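# Examination of the molecular architecture
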Amino acid sequence: MQIEITPKAPGEIEADIEIICLIDKKFDHDWVEDKELLELSGFKAEQDATIFLPEKRRLYTASDSLQHDDIRSAFAAAIRAIRKTPAKHVKTGLYLGKCPPQNIKAMVEGMVFGDYDFDLYKTEKAKHPIKKVTISTIDFNAKRVEIEKVKKYVETANIVATATNYTKNLVNTPPDDMTPEILALKGVSLAEENGLECTILDEKGLEGENMNAFLAVSRASQHPPRLIHLAYKPQNPKFKIALVGKGLTYDSGGLSLKPAEFMVTMKSDKAGACAVFGIMKAVSELKLPIEVHGIVGATENMIGSNAYKPDDVLRAKNGKTIEIRNTDAEGRLVLADSLCYAQEKVAPDYLIDFATLTGACVVALGEYTIGIMGHNRALKHSISKAAAHAGELTGTLKFNRYLKKLIKSEIADVCNISSSRYGGAITAALFLDHFIQEEYKQKWLHLDIAGPAYVEKAWGYNPAGASGAGVRMTIKWFEQIIKKEK
Ligand code: BES
Ligand code: ZN
Ligand code: ZN
């Protein structure tokens, strides 16, 4: 879907369909030409409701407010509705609120999201593709915005939304078509296309780095593990950032096997890794003045006679020993070694990990919200603010010393599960904390994306399946720390 900008009024643009967005269930404005028709049809203008008036070539969509996330949703709904018609060229004006850049970006993101469909495995592609969207720089209140500015916002939003859709595609791909080796090849192509450095470690490489916790998880899989290290290095970067992603291309639970109904959707256990890929794609296309490293631990967690087992004791890269009591708590083992690797190789100013780490985080916050954990209050606050701006939901879960005691082990330095059935999202993060060196404690953030990364039912502008959770908020946070530095 190509997006172009014009200073012409919507009425002067040649296109198949015009999108008109009704705000706050009202259609008695002079700019709503079809007021009578809409009333006659009984259209209620509830958030995300749409009505197509073919004889007028207008598609009405509805937003409860001019708030950016409502607008994002209304435009996604509009595009989804238009894809049911044969229209190829769509036009729209702007719908600006208090913060014009935010609404312009929300409109574009909504349209790019509404255009997303994972139909790779469908023999019949149901929907009609939209070729072009033309956006007028005139808004519904007849406010004008400088065309150069609109162009910049549209371009940024298009890059971020397209990178988010790229993450969705990776996550949605079935496990046998997205093995650790294939994910590594995806990393290689991303690096080639976007001018990134790319280093890949195979089993020998992981052994050489003493990443024995990671290797134990991978042992029973017929697909060998890969550590994928991408780096975007512009000149004179303002910060150096390391992003670490959990890349379980399949999580069967291992010998502590998951019940059948919990195993379905576990192709999504690579969503942290895929979010890191999407962020690397976006930062390099936006040419942000920060050095960003994306480090992904990719493996399957399977069963077999050589599987790692409950009662095993593993030695992680930093020398700490881990008592295994449940092989389904595998993500933290892969992350432990990958976090050590990131600190040693990158020495970053900020260290952020992305992981579908615990079902407990979904219980705590619900399916739509990312769990934020870490030691640095200001850092947690700034990322949650960025998330809200970007249209992602977050909740902060706080550490405490009582929970910290629950992962003590009788025979090793730490246990891979808690002795309590409660507080599992936080005890998982406190396990990771054992692998964060003193000088990085205040620089580290853990994002548990187990809820929103993959939801089986569509929600708002997010389709059923992967949502690309973590991509938009991280790019927004980058933009904010860069601005503060200036
Ligand atoms: N990948 C899962 C967590 C998960 C659950 C992600 C649901 C997405 C949706 C993780 O590896 C896991 O199995 N965690 C266990 C930990 C437990 C054994 C301490 C869990 O959450 O039950
Ligand atoms: Zn697991
Ligand atoms: Zn897992």
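Note that the coordinates shown come from a computational prediction; the quantities given were computed from them, not determined experimentally. (Residues numbered from 1 in each chain as written. Chains lettered and ligands numbered in written order. Predicted model: local features only at pLDDT ≥ 70, side-chain atom pairs only at ≥ 80, totals over all residues. Heavy atoms only, no water.)

Before going further, it helps to examine the overall build of the chain. Broken down by element type, the chain carries 15 helices and 19 strands. In terms of overall size, the chain behaves like a compact globule, its C-alpha atoms giving a radius of gyration of 24 Å where 486 residues would be expected to give roughly 23 Å. For the C-alpha atoms alone, the extent of the chain along its principal axes is close to 75 × 50 × 45 Å. Buried positions account for 59% of the 486 residues belonging to the chain. (Helix = DSSP H or I, 4+ residues; strand = E, 2+ residues; numbered from the N terminus. Rg over C-alpha atoms; globule rule 2.2 N^0.38 Å. Buried < 20%, exposed > 50% of the residue type's maximum accessible area, 1.4 Å probe, protein only.)

Interhelical geometry of helix 2 (residues 68-82) versus helix 3 (residues 100-114) gives an angle of 35° and a closest axis separation of 7 Å. Where helix 2 crosses over helix 3, the handedness of that crossing is right-handed. On helix 3, the residues that touch His68, Ile71, Arg72, Phe75, Ala76, Ile79 and Arg80 of helix 2 are Gln102, Asn103, Ala106, Met107, Glu109, Gly110, Met111 and Gly114. Partitioned by chemical class, the residues of the contact of helix 2 with helix 3 number 7 nonpolar, 5 polar and 3 charged. (Axes fitted to C-alpha atoms, helices over the stretch in contact; angles between N-to-C directions. Left-handed = near helix turned anticlockwise from the far one by under 90°. Contact = heavy atoms within 4.5 Å. Nonpolar A, V, L, I, M, F, W, Y, C, P; charged D, E, K, R; others polar.)

This part takes up the coordination of the zinc ion (ligand 3). Looking at the metal site, the zinc ion (ligand 3) is ligated by Lys246 (NZ), Asp251 (OD), Asp269 (OD) and Glu330 (OE), spaced 1.9 to 2.5 Å from it. Each donor residue of the zinc ion (ligand 3) belongs to the same chain, with the gaps between them written as K-x4-D-x17-D-x60-E. In this model, the zinc ion (ligand 3) sits 3.2 Å from the zinc ion (ligand 2), the two metals being bridged by Asp251. Taken together, the residues Lys246 in strand 9 (residues 240-251) and Asp269 in the loop between helix 8 (260-263) and helix 9 (271-286) connect sequence positions 23 residues apart. (Donors = N, O, S within 2.8 Å, 3.2 Å for Na, K, Ca; no water.)

By definition of the ideal shapes, four donors in a tetrahedron about a metal sit 109.5 degrees apart, and six donors in an octahedron sit 90 or 180 degrees apart. Coordination of the zinc ion (ligand 2) by the protein involves Asp251 (OD), Asp328 (O), Asp328 (OD) and Glu330 (OE), with metal-donor separations of 2.0 to 2.2 Å. One can describe the donor arrangement at the zinc ion (ligand 2) as irregular, given that its 6 donor atoms subtend angles of 71 to 167° at the metal. Mapped onto the polypeptide sequence, the residues donating to the zinc ion (ligand 2) form the spacing pattern D-x76-D-x1-E. Take Glu330: its relative accessible area is 0%, and that puts it in the buried class. (Tetrahedral: all angles 85-135°; square planar, octahedral: opposite > 155°, others 65-115°.)

This next bit is on the sheet that holds strand 10 (residues 291-301). Judged by pairing direction, the sheet is mixed, and its 8 strands sit side by side in the order 7-8-10-9-13-17-14-15 without closing on themselves. The strands lining the two open edges of the sheet, one partner per strand, are strand 7 (197-201) and strand 15 (393-396). Across this sheet, the average inter-strand angle for adjacent strands is 20°, counted without regard to direction. Packed on one face of the sheet, helix 14 (residues 424-433) meets strand 13 (350-355), strand 14 (369-374) and strand 17 (444-448) and runs near 145° to strand 17. (Pairing = 2+ DSSP bridges.)

Turning our eyes to something else, we now look at the nonpolar core. Counting 57 residues, the largest nonpolar core has Ile241, Leu243, Phe277, Trp477 and Phe478 as the members making the most contacts within it. Ranked by the residues each element gives to this core, the list is headed by helix 9, at 11 residues. Judged by nonpolar contacts, the second largest core, of 49 residues, contains Leu53, Ile71, Val150 and Tyr461. (Core = buried A, V, L, I, M, F, W, Y, C linked by side-chain atoms within 4.5 Å.)

All right, on to the pairing of strand 14 then. Counting buried residues in strand 14 gives 6 out of 6 residues, a clear majority hidden from the surface. Residues Thr369, Gly371 and Met373 line one face of strand 14 and the alternating positions Ile370, Ile372 and Gly374 line the opposite face, and both faces are buried. Where strand 14 lies against strand 15, 4 bridges are found, and the strand directions are parallel. Residue pairing across strands places Gly371 opposite Gly395, the latter belonging to strand 15. Once the chain exits strand 14 it traverses helix 12 (residues 377-390) before rejoining the sheet at strand 15, and the crossover so formed is right-handed. Two elements, strand 14 and strand 17, share 4 bridges in a ladder whose sense is antiparallel. Pairing of Gly371 across the sheet is with Asp448, part of strand 17. (Right-handed = clockwise from strand over helix to strand, strands pointing away.)

This part takes up the site of ligand 1. Around ligand 1, the surrounding shell holds 15 residues, and the nearest of these are Lys258, Asp269, Asp328, Glu330 and Gly359. Contact distances for ligand 1 include 3.2 Å between an oxygen atom and a side-chain N or O atom of Lys246. A distance of 2.9 Å is found between an oxygen atom of ligand 1 and a side-chain nitrogen or oxygen belonging to Asp251. When ligand 1 is considered free in solution it has 510 Å² of accessible area, and contact with the protein chains removes 75% of it. Counted by class, the shell around ligand 1 contains 4 nonpolar, 4 polar and 7 charged residues. (Near = heavy atom within 4 Å. Polar contact = N/O pair within 3.5 Å; in protein donor to acceptor, adjacent residues only side chain to side chain. Areas by Shrake-Rupley, 256 points an atom, 1.4 Å probe, with all protein chains shown as cover.)

Our focus in this paragraph is a nonpolar patch on the surface. Together, Leu255, Leu257 and Ile303 give the surface a local cluster of nonpolar side chains, amounting to about 260 Å² of exposed area. Mapping Leu257 onto the fold places it in the loop between strand 9 and helix 8. The partly exposed category is assigned to Leu257, whose relative accessible area is 47%. (Patch = residues over 30% accessible without salt bridge, like charges linked within 9 Å, V, L, I, M, F, W, Y side chains within 5 Å. Salt bridge = Lys/Arg side-chain N within 4 Å of Asp/Glu carboxyl O.)

Turning to unusual backbone geometry, a few remarks are in order. Here Lys287, not a glycine, exhibits a phi torsion of approximately 55°, which is positive. Position of Lys287 among the secondary structure elements: in the loop between helix 9 and strand 10.

Worth remembering: the numbers are spatial, not functional.
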